[in-house]
Each structure stands twice: as structure tokens, then as C-alpha cells.
Amino acid sequence: MSTPLLKVADLTVRFRTEKGTIAAVNGINLELQRGQVLGVIGESGSGKSVTLRALLGILPPRKTQISGAITLDGRNVLSLTKRELSKYRGGEVSMIFQEPATALDPVFTIGQQITETVMRHGATTKAKARARALEMLDLVKIPDARSRIDNYPHELSGGMRQRAMIALALSTGPKLLLADEPTTALDATVQIQVILLLRELQRELGMATIFVTHDVGVAAEISDRIAVMYAGRIVETGTASDVLKTPRHPYTNGLLTSTVIGARRGETIDCIAGMPPDLAAMPQGCAFAPRCPLATTECTAAVPMLKKSGADQFVACIRQEADGRHAA
Amino acid sequence: MSIVNSEGPQTATPISSLPVTVMPRSVGYWQSVWQRLCKDKVSMICLISLILIICASFAAPLLTSYDPAIGSVIKRLKPVGTEGHILGTDELGRDMLTRLLYGGRTSLIMGFVPVFLALLIGGSLGTFAGFVGGRVNAIIMRTADVLFAFPSVLLAVAIAGALGAGVGNALVALTIVLVPPMIRITESATTQVRALDFVEAARASGAGNLTIIRVHVLGNILGPVLVYATSLLSVAIIMAAGLSFIGLGAKPPTAEWGLMLNTLRAAIYSQPLIAALPGVFIFIVSLSFNMLSDGLRSAMEVS
């Protein structure tokens, strides 16, 4: 295999707060090939968004401690200087935010905002930057882009705003696109359009993508590989079809069965009991043990490591080995 | 009829042949605020009277042939409507209209300049404090709080008194008094904007702190801050007149509304109307700025 575009080794993110240190990300390892789409799924507070922000280097430096290594295209992201970092952000790596209504500045037109970003990343003249903005708006299939370019965000619908956001993120031709639940704030019908658009753009432009979502269906739709996060750790990872068809970790299994689709009225829906752990006071050993139907006393002894299980699938569960192929 | 698509013909037409809906040219934020302001009668009346007073004051030499400092002893305290002196004359026989117009210059300058300086100084300190946060914020804000602890009029009188009478010193005193509220309003606006997603999005697209402050923070706090500055104008004009009234601002023979109120005090029984005229102007200008600020605020609130 060729060298990966992105390599994350033992990434740990701690937030210092008044109440103590919060362990948001606890030693994750990732590899992403060029043009590959990684879906990261997990509950709220599992560290998905924090991981993305660490990759982009936009966590507030005063309050965060980051350790480990992030290597993009052979460069260590964590040791970039301020100047390099501002070229890196938006230039090599772009991000799409969850809420397009608030992630676009209300006092500037979408054209101005895209133009501003394009100019920052090397466009020579304003006219060229604007032409690029127009090209991008066409690419994300905003109808009548020529007049939409001068619209303010509040004049666009939610789906159009998210398209504009995507155009903004892709306008600089990034190598890596980070998408932080880009469809969560949208209507169901618009969600699908945006997912399909992203998938199409990804194939066309070939940038690697990390797609964070808590919607398993969305992840299945777009991802080549999937990583399941829980309490700041990756508990299972592998190709999308492996992880979704043969989930090895009890948490993945729980996520996959927690769905209303196919359930009938009055029928009890399977869900994972309990709440994610308090990140300021992590439980001993496996963070999922308190909620796990298969937990034994052994589970609280040590944090389980990711172990190979199947052809291209890794799982962090000691019960997995004991039970063979099926943990649940 | 109203239900029917306005540009679509009434007969059934295949969708593909319908003309493409042309979006009305997008209206900028300030443009739409202006449009809404134009619909507000009270604000428009205030705005027009302010423009009239300001223009008349600065065009004073063109509007009157009298000298504001030269009077005639035999023409003292002529009533309103006297031939050659439409608004009468003051206690030294100077033309009231002339004095009011020239006085407007001083009074308006004494209102505008401190607010403008406070906007620059307080605005930058407040934006900086709000954006940086943490200890820097605490230092700036607590210092502003110390100045806040004094009643503003007393503080202005104390500073002007310590510096000595004169327009320049009064401007300094008023600026010092107006800076803390300006810091507070910009700080709170900046803190709110800083937490919004588009600031993080701007950072994610490679914008540095300066760009974020210049483009995204200022662009978003400008509205509320300007509204507040407009309301401060009325406060500043009243305080400036107050300082001159007690002898800490403009010195005779300079024409200034507050000072004129003071010197005409003696005539309050013989010519009450003339004695009240400078007060009327102070009242109109200050009220207009206040109402205009309210109108602006509500014009900005929509959308």
C-alpha cells in the first residue's frame, strides 16, 4: 500500500476546565489513503468533533493539551508555525460544519465569503477569485448560481446554505475534507441530496474525506471505511461493509440495533442502556463496560487495545476473543 | 389571481417551459435597514430635523450677516419677531438666531467629538477585551468598572474642573466619561459574536485573528455599537451643555447653547421665550438623537 495521506498516531486531547481535566480524545490511531472516505460514528460527546478540530488545528491552544502525532502528506501538523497553520487550514484541509445557518457570516454574501477564502489561499485577483466562487457554486449544483452568488446566507434555504458551505470548503482544492455532521441540521429529503452531492464531488475531485456523523445510515451511504468512537477512543474500525454487516464490538452492535427503522408501533426499540461516561471521570478499563451486556470483571482491569479481527477489521474488546466471531 | 404564480401564464404550462424565476437583486443588510428606517415616520422626522440643524449650524455665515460676538447696547433683549432679528436679541444685544446657529456648531462638536473618540478608544479596547478574553479582558473590564462607579455627570465635572475651563478640556472630560460604556457595549457584543460558528468556520478556512476581528467581528458588532453611539450623542450634547452652563466648558463670548442658557438666566422674567430658546435646541437635538437611535435599533432587529 502507498503511504497514507493522513496518519494519526496516539492522538490525545485534554481540555483544562475549572472542574478539572476532560479527556476528550484518548489515544486514537488513524490512517487515511488518498481519495478514501472514512466515516466516524458515535454518540454525542464521543470525541468525533474534537478529533476533527484537532486535525484542523483549531482547538483553542490555551485550554487544550494535544499529544501524539498528526501527519498529513509527510508533514507534522502539530508542529506547524502560525503562518504555516493558516495556509494549512482551509488550504490543505477544509471543514464543513454542522449548522450552515450559523457557520456562514450573516453580514456577507456567499460570494464574498468564498472569494475571501480563495484570495487567502493564493488567488491573485478578485475577479479570478470570484470566477472560482461561481465555478464552485455551479459545481455544488446551486441553481442559477450567477444570481445566487450575491445572496446573503439568510436568503438561501438550509440545503442551499449547506451547498454554499461545501462550495466554500472545496474552493481551495483541499487534499482532505472534514465534514462535521453536515446533514444533521437539514430536512430528511435535503439530507439525502447533500449526501449524494458530497459523494459525487468526492469521486469527481478525489479528496480524502473524514465524515463524522451519528447516523449509521449516512455513514453506510458514503464511507469506504468506518471508525466507531466511544468515549474518545476508536472501539472498532474496518471497511464499511465489514463493520456494518459483522459488528464485532458490543457498542457497534448496540448502535446498529438502536434504530426506529423497521420497528412497529408499540414494539420496544433496542437501545443502549445508560449514558456515555463522564469524560472528566473516566471509568477504569473499558469505557463501555458499565453499559455493556457482555461485561465481566476482567473488562474493568485494563483498557482494551484494538486487535485484528477478521480480514480488515479491528476491534477493542476483550470479550471478542473469548466469544469468537460474535460478541453479541 | 394572487395565488397564481405572478410570472406564470394562467393556462397550464409544462414546468420546463416556465420562465426561470429571476431573484430580485439581493439587498444588503445596511440597505434593508435604511429601507425600514425610511418607513418609520418618527425616525425620519428626527433625522430631517437633525440634518437641518446640523447643516444650518455649519452654514451659519451664509445664513446670517450678524457677527455672533458683536452686539448693540441699544438693542438688548428685543423680543422674538423684531425687525432684523427674527428670534430677538440677547442680553448684550447680539442676534439670537446668529448665536443659536454658531452655538450649534460648538454644541454639536462638543457632542460628536467625544462620542467619536470614545467609539475609537472604547470600541477598540472593548473588541480587544472581548476577543482575547481571559486575564486581558478582566484587566480592561475592571478598569472600566472603576470609572463606572462614579456618576457620569459628576465625573465629567470633576475632570473638567481639574483640567480647567475650556472647550478642549471639556472634550477630554466627556471622552473619558463616555469610554467605559463604549467598552462595555463592544465587549459584550464581541463576546457574543466570538462564540458563533462562523468565527470558527473562518478560522477553519485559514483566517488569522486580525482578519477575523476586522472582517467578521467588526462586521457583526457594527450595527448595535452604532445604535448605542447614536444614543450616546444625546447624552454627550446634554453633558457638554451642562459643563458650559456651570462654566467648565465654552467660555464667553463663544456662542454655545449651554453657556447661552446660563448668560440668559437673568432675562428669564423679562424675556422668558428668548431665555428658553437655547434649551429648546438642546432638547430637540438630544431627543432626536435618542429617537433616531431607537428607530435604528428596531430597524436592525428584523431579519
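Residues numbered from 1 in each chain as written. Chains lettered and ligands numbered in written order. Predicted model: local features only at pLDDT ≥ 70, side-chain atom pairs only at ≥ 80, totals over all residues. Heavy atoms only, no water.

Attention now moves to the sheet that holds strand β6 (residues 93-96) of chain A. Residues and elements named next belong to chain A. Ordered by their spatial adjacency, 8 strands build an open sheet running β6-β7-β8-β3-β9-β10-β12-β11, and the pairing between neighbours is mixed. For this open sheet the edge positions go to β6 and β11 (307-308), each flanked by a neighbour on one side alone. Note: β6 against strand β7 (residues 176-180), 4 bridges, orientation parallel. Paired with Val93 across the two strands is Leu176, which belongs to β7. (Pairing = 2+ DSSP bridges. Helix = DSSP H or I, 4+ residues; strand = E, 2+ residues; numbered from the N terminus.)

Okay, the layout of surface pockets next. Taken as a whole, the largest pocket spans an internal volume of roughly 1200 Å³. Looking at the largest pocket, it is lined by 33 residues, and the ones nearest its centre are Ile58(A), Leu59(A), Pro60(A), Pro61(A) and Arg203(B). Elements supplying a minimum of two residues to the lining of the largest pocket: β4 (64-72) and α2 (82-91) of chain A together with α4 (96-132), α8 (197-204) and α9 (209-245) of chain B. Split into classes, the residues belonging to the lining of the largest pocket amount to 17 nonpolar, 7 polar and 9 charged. (1 Å grid on protein atoms, 1.4 Å probe; cavity = no way out; pocket = protein on both sides within 12 Å on 5 of 7 lines; lining within 4 Å. Points joined across faces, edges and corners; volume = space filled by probe spheres on them. Nonpolar A, V, L, I, M, F, W, Y, C, P; charged D, E, K, R; others polar.)

Before going further, it helps to spend a moment on empty space enclosed by the protein. Enumeration over the complete set of coordinates arrives at 5 cavities of 30 Å³ or more. Of the voids in this model, the largest cavity is the one considered here, and its volume is about 90 Å³. Along its surface, the largest cavity is lined by Ala103(A), Asp105(A), Gln113(A), Glu116(A), Thr117(A), Leu168(A), Phe198(B), Ala201(B), Ala202(B), Ser205(B) and His216(B). Across the lining of the largest cavity, the residue classes break down as 5 nonpolar, 4 polar and 2 charged.

Counting residues at the interface gives 30 residues for chain A, matched by 24 residues for chain B. When the two sides are added together, the surface that chain A and chain B hide from each other amounts to roughly 2200 Å², 52% of it contributed by carbon and sulfur. Scanning the region where chain A abuts chain B turns up 1 salt bridge. Two residues, Arg53(A) and Glu200(B), come together in a salt bridge whose shortest N-O distance is 2.5 Å. At the surface where chain A touches chain B, the tally comes to 10 residue pairs in polar contact (both at pLDDT 80 or more). (Contact = heavy atoms within 4.5 Å. Buried area = accessible area lost by both parts, 1.4 Å probe. Salt bridge = Lys/Arg side-chain N within 4 Å of Asp/Glu carboxyl O. Polar contact = N/O pair within 3.5 Å; in protein donor to acceptor, adjacent residues only side chain to side chain.)

Residue and element names in this part refer to chain A. One ladder, built from 10 bridges, connects strand β1 (residues 6-17) with strand β2 (residues 20-32); its direction is antiparallel. When the sheet's bridge partners are listed, Arg16 is paired in β2 with Thr21. Hairpin connection between β1 and β2: a loop of 2 residues separates the two successive antiparallel strands. Two strands pair when backbone bridges link them, and β1 and β4 are joined in this way by 8 bridges, in the antiparallel orientation. For Arg14, the partnering residue across the bridge sits in β4 and is Gln65.

Okay, the packing of aromatic side chains next. Residues and elements named next belong to chain A. Evaluation of the coordinates by the stated rule reveals 5 aromatic pairs over all chains. A ring pair is formed by Tyr230 and Tyr251, whose centres lie 4.5 Å apart and whose planes are at 55°; its orientation type is tilted. One end of the pair, Tyr230, is in strand β9 (residues 225-230); the other, Tyr251, is in helix α11 (residues 250-257), and 21 residues separate them in sequence. According to the relative accessible area criterion, Tyr251 is buried, its value standing at 0%. Arranged with centres 5.1 Å apart and planes meeting at 85°, the rings of Tyr230 and Phe288 form a pair that is edge-to-face. Here the residue Tyr230 occupies a position in strand β9, and Phe288 occupies one in the loop between α11 and β11, the gap between them amounting to 58 residues. Across this residue pair, the class does not change: Tyr230 and Phe288 are buried. Taken together, the aromatic side chains of Tyr230, Tyr251 and Phe288 make up a single cluster linked through ring pairs. (Phe/Tyr/Trp six-rings, centres within 6.5 Å; stacked < 30°, edge-to-face > 60°. Buried < 20%, exposed > 50% of the residue type's maximum accessible area, 1.4 Å probe, protein only.)

Let us now look at the packing of α9(B) against helix α11 (residues 272-301) of chain B. Residues and elements named next belong to chain B. Viewed as axis vectors pointing N to C, α9 and α11 meet at an angle of 170°, and their least axial separation amounts to 9 Å. Accordingly, the angle class assigned to the pair α9 and α11 is roughly antiparallel. Along the contact surface, α9 presents Gly223, Pro224, Val227, Thr230, Ser231, Leu233, Ser234, Ile237, Ile238 and Ala241, while α11 presents Ile282, Val285, Ser286, Phe289, Asn290, Leu292, Ser293, Leu296, Arg297 and Met300. In terms of residue class, the contact of α9 with α11 is built from 12 nonpolar, 7 polar and 1 charged. (Axes fitted to C-alpha atoms, helices over the stretch in contact; angles between N-to-C directions. Parallel < 35°, antiparallel > 145°, perpendicular 65-115°, else oblique.)

Before going further, it helps to spend a moment on the confidence of the model for chain B. Residues and elements named next belong to chain B. Chain-level statistics for chain B give a pLDDT mean of 86 and a share of 90% at 70 or above. Low confidence marks residues 1-23, where pLDDT is under 50. Its contacts with residues over four positions away, or in another chain, come to 10 contacts. For this predicted complex, the interface score ipTM comes out at 0.82, while the overall pTM is 0.79. (pLDDT = per-residue confidence, 0-100.)

Moving on: the side chain of Arg233(A). Residue and element names in this part refer to chain A. Mapped onto the fold, Arg233 is located in strand β10 (residues 233-239). It turns out Arg233 is buried and unbridged, and the closest side chain with the opposite charge, Asp10, is 8.7 Å from it. Beyond its immediate sequence surroundings of up to four residues, Arg233 is in contact with Asn26, Ile28, Val228, Met282, Gly285, Ala287 and Val303. (Lys, Arg positive; Asp, Glu negative; His and termini not counted.)

Attention shifts here to unusual backbone geometry. With an omega dihedral of 5°, the bond running from Pro252(B) to Pro253(B) counts as a cis peptide bond. At Asp73(A), a position not held by glycine, the phi torsion is positive, near 55°. Considering the arrangement of structural elements, one finds Asp73(A) in the loop between β4 and β5 (75-76). Overall, the relative accessible area of 31% leaves Asp73(A) in the partly exposed class. At Lys141(A), a position not held by glycine, the phi torsion is positive, near 60°. Note on placement: Lys141(A) falls in the loop between α5 (126-139) and α6 (145-148).

This brings us to the nonpolar core. Membership of the largest hydrophobic core comes to 77 residues, with the highest contact counts inside it found for Leu6(A), Ile166(A), Leu176(A), Leu178(A) and Ile210(A). When residues in this core are grouped by element, the largest group, 8 residues, is from helix α7 (residues 158-170) of chain A. Beyond its immediate chain neighbours, meaning those up to four positions away, Ile166(A) contacts Ile96(A), Val140(A), Val194(A), Leu197(A), Leu198(A) and Leu201(A). Listed in part, the 60 residues of the second largest apolar core include Leu108(B), Ile159(B), Val199(B) and Phe289(B). (Core = buried A, V, L, I, M, F, W, Y, C linked by side-chain atoms within 4.5 Å.)

We now examine helix α4 (residues 110-120) of chain A. By the criterion of burial, α4(A) is predominantly enclosed, with 9 of the 11 residues buried. Taken together, the buried positions of α4(A) are Ile110(A), Gly111(A), Gln113(A), Ile114(A), Thr115(A), Glu116(A), Thr117(A), Val118(A) and Arg120(A). The inward-facing, buried residues of α4(A) abut α2, α5, α6 and α7 of chain A together with α8 and α9 of chain B. Immediately beyond the C-terminal end of α4(A), within one or two residues, lies Gly122(A), with a positive phi of roughly 105°.

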